[in-house]
Amino acid sequence: MRAHEAGALHAEGYGGPPHWLPTPGDVNELMPQLWPQTVTRDEQGRLTVGGLDVVSIAREFGTAAYVVDEEDFRARARAFRDEFAEPFADLGGVDVYYAGKAFLCTEVARWVADEGLCLDVCSGGELAVAQRAGFPAKRIGLHGNNKSLAEIRQALEYGVGRIVVDSFEEIERVAAVASAMGVRAPVMVRVTVGVEAHTHEFIATAHEDQKFGFSLAGGRAAEAIARILEHAEALDLLGLHSHIGSQIFDTSGFEVSARRLIGLHADVARIHGVHMPELDLGGGYGIAYTSEHTPLRPRELGEQMADLVARELKSVGDGSGDTPAPKISIEPGRAIAGPSTFTLYEVGTVKDVGLGGGLTRTYVSVDGGMSDNIRTALYDADYSCTLASRRSGAGPRLARVVGKHCESGDIVVMDEYLPDDIAAGDLVAVPGTGAYCRSMASQYNHTPRPPVLAVRDGRARVIVRRETVEDLLALDVG
Ligand SMILES: Cc1ncc(COP(=O)(O)O)c(C=O)c1O
Ligand SMILES: N[C@@H](CCCC[NH3+])C(=O)O
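Residues numbered from 1 in each chain as written. Chains lettered and ligands numbered in written order. Predicted model: local features only at pLDDT ≥ 70, side-chain atom pairs only at ≥ 80, totals over all residues. Heavy atoms only, no water.

- The protein chain goes by Diaminopimelate decarboxylase in an unreviewed UniProt entry, where it is assigned to Pedococcus aerophilus.
- Under Pathway (unreviewed entry), UniProt gives the following word-for-word description of the protein chain: "Amino-acid biosynthesis; L-lysine biosynthesis via DAP pathway; L-lysine from DL-2,6-diaminopimelate: step 1/1."
- Of the protein chain, the UniProt comment under Sequence similarities (unreviewed entry) reads exactly: "Belongs to the Orn/Lys/Arg decarboxylase class-II family. LysA subfamily." (UniProt positions renumbered as here; feature names shortened; annotations may be inferred.)

Now the structure itself:
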């Protein structure tokens with residue numbers, strides 16, 4: 001007997017308690033909220049994106065591959081620029097910094113620049129990509145909890161618009177580099193606001209016991225501001241910053257964070273007579289990886305965020321009379337890049353494994369895995385997938401999609417219904433892999449990292465090329 005019931009398998013204790021159980025519906029159906037906007041099936045049942053079918057893409061570029069719907073990425077960037085921003089009109093607008101850590105390459109930096117967004121980078125490497133793209137320096141913010149002197153110098157030489165300082169040592173370092181260069185560094189202070197974001201522990205960033213920022217409750221944030229003001233000849237204090245975590249679905253955490261940041265912002269005006277011109281609420285907006293996720297749209301998010309910011313500003317009297325309200329900025333990464341991309345794999349083996357008690361689990365192995373998507377192993381993240389190269393008339397079979405690595409935790413999709421006739425040579429597509437997949441990819445087992453292909457108007461082009469074994473051997477100087 002084969003178990004088709006996800007619940008039955010988990011009830012037997014295999015695979016641990018599930019977060020999300022797929023339902024055995026039509027295996028050919030695509031849930032629109034999970035896929036880039038141009039994705040559909042053609043009359044032959046093949047998935048198409050940007051007018052191009054995935055069988056042709058796989059034939060030309062091979063698998064595994066990340067496939068980006070360029071128009072989808074740009075549309076999401078524009079939605080933050082326009083729809084999210086509109087409710088902020090009375091507050092002087094909002095600056096949207098795309099968080100490059102989600103995914104960055106030269107072409108994507110160009111898209112972000114073209115669409116008029118700003119860019120958040122968090123390393124010298126990400127900054128180098130922005131520089132290569134000619135990204136306008138003033139629209140770049142540099143993050144990082146341990147920036148090197150070289151990275152600080154690189155940022156100041158390029159003339160970035162803000163450096164978000166994260167420690168007392170760093171305040172001294174930025175001041176020293178700026179003084180030596182004869183410039184004044186624009187800085188923001190990363191504040192730990194003490195919010196427990198409702199997300200996975202590893203991606204929450206504003207509770208007290210973690211490495212980022214200056215604690216508000218402990219008085220360190222206030223101390224950091226005082227020290228920056230002592231370095232007024234080298235440091236230009238722009239404002240406060242907070243990022244509470246990632247894959248967050250409601251704005252309650254942002255409300256607490258805005259209240260605390262704006263309270264501190266007002267204290268600085270009262271105590272030091274300094275009206276900081278900016279205030280950044282970070283990123284973290286969640287996306288749909290499976291049918292259980294229901295993210296807010298940028299317009300709804302913007303309305304809620306503008307509302308809570310206006311309320312908090314009003315309560316401290318900012319934005320009225322002679323106290324100018326700070327310009328708000330945000331830093332979405334996942335919400336722009338994540339849904340724009342799917343990973344295309346080829347099935348290699350299909351194996352039924354007996355679990356006892358009459359239960360079997362089907363393992364579908366693909367030509368990638370934890371090296372191109374570490375999120376399932378790292379965060380217990382849920383993904384879904386579909387048979388992409390054809391339509392199938394077969395019934396649903398519960399499957400676990402796994403990679404090719406030497407690790408039993410090498411799981412891409414924990415549970416999904418694929419057609420019962422799934423077989424070697426079929427293509428499978430996993431949506432929602434545009435953020436934190438290529439950017440966190442490894443070469444585990446000396447596996448070359450897949451390419452990133454941008455598709456638009458019926459044409460695919462390589463924007464990050466596939467690594468080769470020769471690339472890996474070239475690093476090994478023997
Ligand atoms: C400082 C900062 N800003 C922005 C982001 C982007 O977060 P997300 O991709 O969840 O929007 C991160 C990552 O979590 C971050 O650390
Ligand atoms: N890398 C994480 C997000 C946190 C990264 C930025 N602080 C993820 O894949 O969900």
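So, the side chain of serine 215
(1) Moving on: With respect to the secondary-structure elements, serine 215 resides in strand 10 (residues 214-215).
(2) Moving on: Taking relative accessible area as the criterion, serine 215 reaches 11% and is therefore assigned buried.
(3) Moving on: Side-chain polar atoms of serine 215 contact the backbone nitrogen of glycine 218, separated by 2.8 Å.
(4) Moving on: Sequence-distant contacts of serine 215, that is, excluding residues within four places in its chain, are made with Thr192, Glu208, Arg220 and Ala221. (Helix = DSSP H or I, 4+ residues; strand = E, 2+ residues; numbered from the N terminus. Buried < 20%, exposed > 50% of the residue type's maximum accessible area, 1.4 Å probe, protein only. Polar contact = N/O pair within 3.5 Å; in protein donor to acceptor, adjacent residues only side chain to side chain. Contact = heavy atoms within 4.5 Å.)

Remarks on the packing of helix 3 (residues 70-84) against helix 4 (residues 106-114)
(1) Moving on: Running from N to C, helix 3 and helix 4 point in directions that differ by 40 degrees, and their axes come no closer than 10 Å. As summarised for this structure, helix 3 and helix 4 are arranged oblique, according to the angle between their axes. The way helix 3 lies across helix 4 gives a crossing that is right-handed. Contacts between helix 3 and helix 4 involve Glu70, Phe73 and Arg74 on the former and, on the latter, Val108, Trp111, Val112 and Asp114.
(2) Moving on: Broken down by class, the residue content of the contact of helix 3 with helix 4 amounts to four nonpolar, no polar and three charged. (Axes fitted to C-alpha atoms, helices over the stretch in contact; angles between N-to-C directions. Parallel < 35°, antiparallel > 145°, perpendicular 65-115°, else oblique. Left-handed = near helix turned anticlockwise from the far one by under 90°. Nonpolar A, V, L, I, M, F, W, Y, C, P; charged D, E, K, R; others polar.)

Structural notes on the site of ligand 1
(1) Moving on: Near ligand 1 there are 14 residues, and of these His243, Ser246, Glu331, Arg334 and Tyr436 occur at the shortest range.
(2) Moving on: One of the side-chain nitrogen or oxygen atoms of histidine 243 is found 2.7 Å away from an oxygen atom of ligand 1.
(3) Moving on: One nitrogen or oxygen atom from the side chain of serine 246 is found 2.3 Å from an oxygen atom belonging to ligand 1.
(4) Moving on: Protein chains shield 93% of the accessible area of ligand 1, which is 390 Å² for the free molecule.
(5) Moving on: Broken down by class, the residue content of the shell around ligand 1 amounts to three nonpolar, six polar and five charged. (Near = heavy atom within 4 Å. Areas by Shrake-Rupley, 256 points an atom, 1.4 Å probe, with all protein chains shown as cover.)

Examining the packing of aromatic side chains
(1) Moving on: Going through the model one piece at a time under the given rule, you end up with 10 aromatic pairs.
(2) Moving on: Between phenylalanine 73 and tyrosine 98, the ring centres sit 5.5 Å apart and the planes meet at 75 degrees, which makes this aromatic pair edge-to-face. Note that phenylalanine 73 is positioned in helix 3 and tyrosine 98 in strand 5 (residues 94-99), a separation of 25 residues in sequence.
(3) Moving on: Ring centres of phenylalanine 254 and tyrosine 285 lie 5.3 Å apart, and the angle between their planes is 35 degrees; on these two criteria the pair is classed as tilted. Here phenylalanine 254, found in helix 9 (residues 252-272), pairs with tyrosine 285, found in the loop between strand 12 (278-280) and helix 10 (298-315); they are 31 residues apart in sequence, far enough to count as distant. Of the two residues examined, phenylalanine 254 and tyrosine 285, each falls in the buried class. (Phe/Tyr/Trp six-rings, centres within 6.5 Å; stacked < 30°, edge-to-face > 60°.)

Concerning the pattern of salt bridges
(1) Moving on: Under the criterion given, the structure shown has 36 salt bridges.
(2) Moving on: Three or more residues joined by partner-sharing salt bridges are found here, namely Glu70, Glu71, Arg74, Arg78, Arg81, Asp82, Glu107, Arg110, Asp114, Glu115, Arg456 and Arg461. (Salt bridge = Lys/Arg side-chain N within 4 Å of Asp/Glu carboxyl O.)

Quick word on the layout of surface pockets
(1) Moving on: Considered as a void within the structure, the second largest pocket measures approximately 570 Å³ in volume.
(2) Moving on: As for the second largest pocket, its lining consists of 22 residues, of which Gln33, Arg76, Pro295, Arg297 and Pro298 are closest to the centre.
(3) Moving on: Contributing elements (two or more residues each) for the lining of the second largest pocket: helix 3 and helix 10.
(4) Moving on: With five residues, the top contributor of residues to the lining of the second largest pocket is helix 3.
(5) Moving on: Among the residues forming the lining of the second largest pocket, the class breakdown is 13 nonpolar, five polar and four charged. (1 Å grid on protein atoms, 1.4 Å probe; cavity = no way out; pocket = protein on both sides within 12 Å on 5 of 7 lines; lining within 4 Å. Points joined across faces, edges and corners; volume = space filled by probe spheres on them.)

Here we look at the site of ligand 2
(1) Moving on: Close to ligand 2 lie eight residues; Arg334, Arg375, Tyr379, Tyr436 and Met440 are nearest.
(2) Moving on: Arginine 375 has a polar side-chain atom sitting 2.6 Å from an oxygen atom of ligand 2.
(3) Moving on: One of the side-chain N or O atoms of tyrosine 379 is found 2.9 Å from a nitrogen atom in ligand 2.
(4) Moving on: For ligand 2, whose free accessible area comes to 310 Å², the fraction covered by protein is 84%.
(5) Moving on: Its residues assigned to classes, the shell around ligand 2 shows four nonpolar, one polar and three charged.

A few points about the sheet that holds strand 1 (residues 40-41)
(1) Moving on: On the basis of which strands lie adjacent, the open sheet formed by three strands has the order 1-2-3 and antiparallel pairing. Only two strands of the sheet have a single partner each, and these edge strands are strand 1 and strand 3 (52-53). (Pairing = 2+ DSSP bridges.)

Description of the confidence of the model for the protein chain
(1) Moving on: On average, residues of the protein chain score 94 in pLDDT, and 94% of them reach the 70 mark or higher.
(2) Moving on: Taken over the whole predicted complex, pTM reads 0.96, whereas the ipTM for its chain interfaces reads 0.98. (pLDDT = per-residue confidence, 0-100.)

Let's talk about the UniProt feature "binding site: pyridoxal 5'-phosphate" (unreviewed entry) in the protein chain
(1) Moving on: Per the UniProt record, the feature "binding site: pyridoxal 5'-phosphate" (unreviewed entry) sits at Gly284, Glu331, Pro332, Gly333, Arg334 and Tyr436.
(2) Moving on: Examined against the element boundaries, glutamate 331 turns out to sit in the loop between strand 13 (327-330) and helix 11 (334-337).
(3) Moving on: The exposure class assigned to glutamate 331 is buried, which follows from its relative accessible area of 6%.
(4) Moving on: Not counting residues up to four positions away in its chain, the partners in contact with glutamate 331 are Tyr97, Ala99, Asp120, His143, Arg162, His241, Asp280, Gly282 and Gly283.
(5) Moving on: Of note is the side chain of glutamate 331, whose polar atom sits 2.8 Å from the side chain of histidine 143.
(6) Moving on: We classify glycine 333 as buried; its relative accessible area is 6%.

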